[in-house]
Amino acid sequence: MKKLLILGSGTGGTVIANGMRKKLKSSEWDITIIDKNLDHIYQPGLLFLPFKLYGYNDETAVRKDKKKFIPSGVNFVQAEIKLVDHKKKTVETSAGKHSYDMLVVALGCDVHPEEIEGMEKSLGSGVNMFYTLDSAMQLQKDLAKIEKGRVIMNIAELPYKCPVAPLEFVYLADYYFTLKGIRDQVEIALVTPMDGAFSKPIASKILGSTMGDKNIKIIPKFSIASVDNKKKKITSYEKHEEPYDLLVSVPPNRGSDMLDDSGLANGSGYMDVDPQTLKSKKADFIYALGDVTDVKTSKAGSVTHFMADVVIENLMHEINGKQPSQEFDGHSNCFIESGFKKAFLIDFNYTVEPLPGKFPMAGIGPFGLLKDTKINHMGKMAFRNMYWEKILKHKPLAPFGLVTNKMSLTGKDTSLLKK
Ligand SMILES: Cc1cc2nc3c(=O)[nH]c(=O)nc-3n(C[C@H](O)[C@H](O)[C@H](O)COP(=O)(O)OP(=O)(O)OC[C@H]3O[C@@H](n4cnc5c(N)ncnc54)[C@H](O)[C@@H]3O)c2cc1C
């Protein structure tokens, strides 16, 4: 019996388990998935919990049992993964050693507030985040207490998971304080190491101008060095200071130290993979997908899902004695909540930045690219159900192949691209 081992049963690992169990005969291939946690968190929902918006009131809106999404015929092991020995093709865990013929790494990335001086000890008392369930619930309490003052959303450094989440946070904060009738009492600012609202120029201009319209200040080129929670200020490496009453942070993100120790990652815990085939550059028989990869596109669920198609096809090629041939183009597709029951949509890849237009059908849409519309918001709201029912189970997202892992130029205003 051959063995396919999957490390991590978040978005990526679960899609691979479902996709591969449909492809491989159970009489020939044993499939095992390992994760330290039993809860599957719908991470996009963590953004709404602090505001108690759209029915996201508590953990029941985002949490389910991981095992519900692991297909029959796949073994689930709850254990901490400690080391990959790619020469011996084994993986050490807190529950013993596992051997593999093919390995898929989908271990995601995590926040590290301890890397910013003064941040970790301040968490929960005027400093908070929304990247974990506990912190999102704590932030709900902190936001409810605010009646006036300065709320700043700080991005510590790049790359970080879900690049649009901090933008959504400031747009939703504007909506939340407007609903509470105290918007004129609360100053909202996005403090970012980037030049503007977003890393891609056309989108940055449009999203930044919407922030201007909503009286949200952007403070660019700010690389945070420390948090002083007694004096309620953050300081950059250039000694610039920004005061706050509530600091909401995206702390530094890292992949897995264990992957660095295993000789598979780039020094920040991110898997060194070929950006097209998603095969490890450091060892044979290993693929990776999702936030744990060191590729130049967003760390997002949509990307993870598109990568899964490529990894599944390439695994099948290798298993059948051929070279991996499927190529990932960096396709990313994200709704950006802008408050007032509206959202933007962006769709891009390694080479084409987000452009205005219609998605997925030219002239028809129904979704608007780089435009905040009610239909986009409805799409974002419908996404949670699609995540549990379609994405994790590796079912097609849209009929007639309208949305695939390859980005399409259909409906996009390409005249804006630099010649
Ligand atoms: C606030 C927020 C909003 C977001 N919004 C969106 C959005 O609107 N659209 C979008 O596309 N994406 C969004 N995302 C991003 C999306 O959730 C992630 O990109 C996606 O879940 C990545 O999947 P993954 O499989 O790579 O990692 P994960 O789903 O994080 O899974 C990693 C798994 O590995 C396990 N693990 C890690 N290390 C070990 C170890 N040593 N031993 C055992 N198990 C281990 C973890 O327990 C986890 O289950 C958002 C994320 C956040 C935080």
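The model shown is predicted, which means the values in this text are computed figures rather than measured ones.

About the criteria used
- Per chain, residue numbering runs from 1 following the sequence as it is written.
- Since the coordinates come from a predicted model, pLDDT governs what is reported: local features require at least 70, and pairs of side-chain atoms require 80 or more to be given and counted, while whole-chain, interface and lining totals use all residues.
- Side-chain metrics rest on all non-hydrogen atoms present in the structure, leaving aside hydrogens and water.
- By definition, any uninterrupted DSSP run of H or I lasting at least four residues is a helix, any uninterrupted run of E lasting at least two residues is a strand, and each is numbered from the N terminus.
- Radius of gyration here is computed from C-alpha atoms only, and the compact-globule reference equals 2.2 Å multiplied by the residue count raised to the power 0.38.
- Think of it in three bands: residues with accessible area under 20% of the maximum for their type are buried, residues over 50% are exposed, and the middle band is partly exposed, with areas taken using a 1.4 Å probe on protein chains only.
- The contact criterion used throughout is that any non-hydrogen atoms of two residues lie within 4.5 Å.
- Areas reported as accessible are Shrake-Rupley estimates using a 1.4 Å probe. Residue values count occlusion only from the protein chains shown.
- Counted as positive: Lys and Arg. Counted as negative: Asp and Glu. His and the chain ends are not counted at all.
- Throughout, a charge is located at the NZ atom of Lys, the CZ atom of Arg, the CG atom of Asp or the CD atom of Glu.
- When we say a residue is near a molecule or strand, we mean one of its heavy atoms is within 4 Å of it.
- Two N or O atoms count as a polar contact when they lie within 3.5 Å, although within protein this holds only if one can serve as hydrogen donor and the other as acceptor, and sequence-adjacent residues are included solely when both atoms are side-chain atoms.
- Boundaries of every domain are those given by an automatic assignment or by a domain database.
- At least two bridges found by DSSP between two strands is the condition for calling them paired.
- To define axes, lines are fitted to C-alpha atoms, for helices over the stretch in contact only, and angles between the resulting N-to-C directions are given on a 0 to 180 degree scale.
- Throughout this description, any angle smaller than 35 degrees is read as roughly parallel, any larger than 145 degrees as roughly antiparallel, any in the 65 to 115 degree range as roughly perpendicular, and the remainder as oblique.
- For any pair of crossing helices, the crossing counts as left-handed if the nearer helix is rotated counterclockwise from the farther one by less than a right angle, and right-handed if it is rotated clockwise.
- In summary, the pairing rule links any two rings of Phe, Tyr or Trp, Trp by its six-membered ring, whose centres are within 6.5 Å, and it sorts them by plane angle into stacked for under 30 degrees, edge-to-face for over 60 and tilted for everything else.
- In this scheme, the term charge over a ring applies when either NZ of a lysine or CZ of an arginine sits within 6 Å of the ring centre and within 35 degrees of the ring normal.
- Any helix carries an expected span of 1.5 Å times its number of residues minus one.
- For a residue, the bend is simply the angle between two axes, fitted respectively to the seven-residue segment ending there and the seven-residue segment starting there.
- Two parts placed together each lose some accessible area; with a 1.4 Å probe, that loss summed over both constitutes the buried area.
- Between Lys or Arg on one side and Asp or Glu on the other, a salt bridge is scored when a side-chain nitrogen of the former is within 4 Å of a carboxyl oxygen of the latter.

**Details of the overall build of the protein**
Thought 1: Along the backbone of the protein there are seven helices and 24 strands.
Thought 2: For the protein, whose C-alpha radius of gyration is 21 Å, the value lies close to the compact-globule estimate of 22 Å for 419 residues.
Thought 3: The C-alpha extent of the protein, read off along each of the three principal axes, is 65 × 50 × 40 Å.
Thought 4: Classification of the 419 residues of the protein by burial places 57% in the buried group.
Thought 5: Taking the contacts inside the protein whose residues are at least 6 apart along the sequence as the reference set, 67% of them involve residues at least 24 apart.
Thought 6: As displayed, the protein has an accessible area near 17900 Å², and 50% of this comes from carbon and sulfur atoms.
Thought 7: The positive charge centre, built from 57 side chains, and the negative charge centre, built from 50, are 4 Å apart in the protein.

**Some thoughts on the site of the ligand**
Thought 1: Near the ligand there are 30 residues, and of these T11, G12, D35, K66 and D291 occur at the shortest range.
Thought 2: Take G301: an N or O atom from its main chain is 2.9 Å from an oxygen atom of the ligand.
Thought 3: Contact distances for the ligand include 2.9 Å between an oxygen atom and a backbone N or O atom of S302.
Thought 4: Relative to its unbound accessible area of 1000 Å², the ligand is 93% covered by the protein chains.
Thought 5: A per-element tally of the shell around the ligand places helix α6 (residues 301–319) first, with three residues.
Thought 6: Counting the residues that make up the shell around the ligand, at least three belong to each of domain 1 (2–43 + 64–109 + 255–319) and domain 2 (111–252).

**Describing the sheet that holds strand β17 (residues 241–243)**
Thought 1: Spatially, β15-β16-β17 is the arrangement adopted by the three strands of the open sheet, whose pairing is antiparallel. The open sheet has two free edges, formed respectively by β15 (224–228) and β17, since each of these has just one partner strand. Going across the sheet, the axis of each strand differs from the next one's by a mean of 20°, ignoring polarity.
Thought 2: Of the strand pairs in this sheet, β15 and strand β16 (residues 233–236) are connected by four bridges, and their pairing is antiparallel. Among the inter-strand pairings, I224 is bridged to a residue of β16, identified as S236.

**Looking at the environment of G10**
Thought 1: By the secondary structure assignment, G10 is in the loop between β1 (2–7) and α1 (11–23).
Thought 2: For G10, a relative accessible area of 25% puts it in the partly exposed group.
Thought 3: Taking the C-alpha atoms as reference, G10 lies 10.0 Å from L38; in sequence the two are 28 residues apart.
Thought 4: Filtering out sequence-adjacent residues up to four positions away, G10 remains in contact with D35, H40 and K66.

**Overview of the packing of helix α3 (residues 165–179) against helix α4 (residues 201–213)**
Thought 1: Here α3 crosses α4 at 20°, and the two axes come no closer than 11 Å. By the angle between their axes, α3 is roughly parallel relative to α4. Viewed along their axes, α3 and α4 form a crossing whose handedness is left-handed. Only L207, T210 and M211 of α4 make contact with α3, whose side of the interface consists of L167, V170 and Y171.

**Considerations on the packing of aromatic side chains**
Thought 1: Taken as a whole, this structure holds 16 aromatic pairs when the rule is applied.
Thought 2: Judged by centre distance (5.6 Å) and plane angle (75°), the ring pair of F48 and Y54 falls under edge-to-face.
Thought 3: For F48, a relative accessible area of 2% puts it in the buried group.
Thought 4: Ring centres 5.8 Å apart and planes at 80° place the aromatic pair F328 and Y350 in the edge-to-face group. Of this pair, F328 sits in the loop between α6 and β21 (332–339) while Y350 sits in the loop between β22 (342–348) and β23 (357–361); the two residues are 22 residues apart in sequence, bridging distant segments of the chain.
Thought 5: In this structure Y350 comes out as partly exposed when scored by relative accessible area, which is 23%.
Thought 6: Taken together, the aromatic side chains of F51, F130, Y131, F169, Y176 and F177 make up a single cluster linked through ring pairs.
Thought 7: One cation-aromatic arrangement involves K299 over Y270; the distance from NZ or CZ to the ring centre is 4.1 Å.

**As for helix α2 (residues 133–145)**
Thought 1: Counted at 1.5 Å a residue, the expected span for α2 with its 13 residues is 18 Å, and the 19 Å between its end C-alpha atoms agrees.
Thought 2: All buried positions along α2 are accounted for by L133, S135, A136, L139, Q140, D142 and L143.
Thought 3: The inward-facing, buried residues of α2 abut β3 (39–41), β4 (63–65), β11 (127–128), α3 and β18 (246–250).

**Concerning the sheet that holds strand β14 (residues 216–219)**
Thought 1: Ordered by their spatial adjacency, five strands build an open sheet running β11-β18-β12-β13-β14, and the pairing between neighbours is parallel. Either end of the sheet is taken by a strand with one partner, and the two such strands are β11 and β14.
Thought 2: On top of the sheet, α3 reaches β12 (149–155), β13 (186–191), β14 and β18; it is set at about 175° to β13, its chief contact.

**With respect to helix α7 (residues 374–391)**
Thought 1: At N385, α7 shows its strongest bend, of approximately 40°.
Thought 2: For α7, every residue scored as buried is listed here: N376, H377, G379, K380, Y387, W388 and I391.

**Some thoughts on the domain arrangement of the protein**
Frequently, the measure chosen for interface size is the accessible area that the parts lose on association.
Thought 1: The domain architecture assigned to the protein consists of domain 1 (2–43 + 64–109 + 255–319), domain 2 (111–252) and domain 3 (332–416).
Thought 2: Put simply, the middle of domain 1 and the middle of domain 2, counted by C-alpha atoms, are 32 Å apart.
Thought 3: Opposite the seven residues of domain 1 that make contact, domain 2 presents six residues.
Thought 4: Roughly 600 Å² of surface becomes buried between domain 1 and domain 2 when both sides are summed, with 55% attributable to carbon and sulfur atoms.
Thought 5: It is Q43, C109 and K299 in domain 1 that bury the most area against domain 2; as a group they hold 56% of the surface buried on that side.
Thought 6: If you look at where domain 1 meets domain 2, you find zero salt bridges.

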